[in-house]
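Structural description and commentary
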Amino acid sequence: MTENSADPHEAEAVPTAPLVSLRGVNKHFGALHVLRDIDLDIAQGEVVVLIGPSGSGKSTLCRTINRLETIDSGTIEVDGRPLPAEGRELARLRARVGMVFQSFNLFAHKTVLQNVVLAQVKVGRVPKDEAERTARELLERVGVAAQADKYPSQLSGGQQQRVAIARALAMDPKVMLFDEPTSALDPEMVNEVLEVMRSLAARGMTMVVVTHEMGFARSAANRVLFMADGRIVEQNTPEAFFTAPSSDRAKDFLSKILHH
């Protein structure tokens, strides 16, 4: 084979550029080394679920992707661009990287509709009537259209979290980050939020999800990442990970949570 002729297998092995790319990412909180040399690529449309024991670095990793946590070394790129340090560029990036938190972070003094409209108008410069139209469509999609004129305090936790998802979606994000989105909810409300997330995954939304919900990880993830002590210890398809984890740490973790 001449030097210039292409090996067909080589061509197949070159994927499109990842939507999110982390290289050599390290993060300390004081003396605590919470992220250790993280390398991770996330493809467009991929659903990546981060699981692992408390304190393993999952939430911190999730929060570095929109610079809610700064990193000490390494690089993070979203859609081929390094994360901006601050200012207007960072606000723009955060609009394109939707984030849903454990606590719903809705504005208590604004109605549900106003919560979903606000960033569209302020950050996205969308005309108000268009922003309201988008907001109503999204509230319908997440199943809380009837609550549009209520205030967050009048809603259940599950409804508030669905509003928070609608608010993030209103900015037409390229990727959605979910940091333990169901852990503050009563058990009977967990599923209504997971259903919305499953439907997003089915529509091809790129998602990074930190969760303790193993059923969701099994059913919605393309890839499960198991973290411990600030490292990605192993990653695999849900089927392979849950049926035959390769590391002792993952085996130990799964035996505790799946068989208690």
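Predicted, not measured: the structure shown is a model, and the values here were computed from it.

The rules behind these values
- Residues numbered from 1 in each chain as written.
- Predicted model: local features only at pLDDT ≥ 70, side-chain atom pairs only at ≥ 80, totals over all residues.
- Heavy atoms only, no water.
- Pairing = 2+ DSSP bridges.
- Helix = DSSP H or I, 4+ residues; strand = E, 2+ residues; numbered from the N terminus.
- UniProt positions renumbered as here; feature names shortened; annotations may be inferred.
- Polar contact = N/O pair within 3.5 Å; in protein donor to acceptor, adjacent residues only side chain to side chain.
- Contact = heavy atoms within 4.5 Å.

**Some remarks on the pairing of strand E1 (residues 20-29)**
Relative to strand E2 (residues 32-42), E1 runs antiparallel, the two being bridged by 7 bridges. Looking at the pairing, His28 lines up with His33 of E2. Connecting E1 to the next strand, E2, in antiparallel fashion are 2 residues, including Gly30 with a positive phi near 60°. As defined by bridge partners, E1 adjoins strand E4 (residues 73-78) across 5 bridges and the pair is classed as antiparallel. By the bridge assignment, Leu22 is partnered in E4 with Ile76.

**Re the UniProt feature "domain: ABC transporter" (unreviewed entry) in the protein chain**
Using the residue numbers shown here, the UniProt feature "domain: ABC transporter" (unreviewed entry) corresponds to residues 20-254. A distance of 28 Å separates the end C-alpha atoms of residues 20-254, which is 39% helix and 26% strand.

**Section: the side chain of Gln161**
Position of Gln161 relative to the elements: it lies in helix H6 (residues 157-169). At 2.7 Å, the side chain of Gln161 forms a polar contact with the backbone oxygen of Phe101. Here Pro181 takes part through its backbone oxygen, which lies 2.7 Å from a polar atom of the side chain of Gln161. What Gln161 contacts, discounting residues up to four positions off in sequence, is Val100, Phe101, Gln102, Phe104, Pro181 and Val193.

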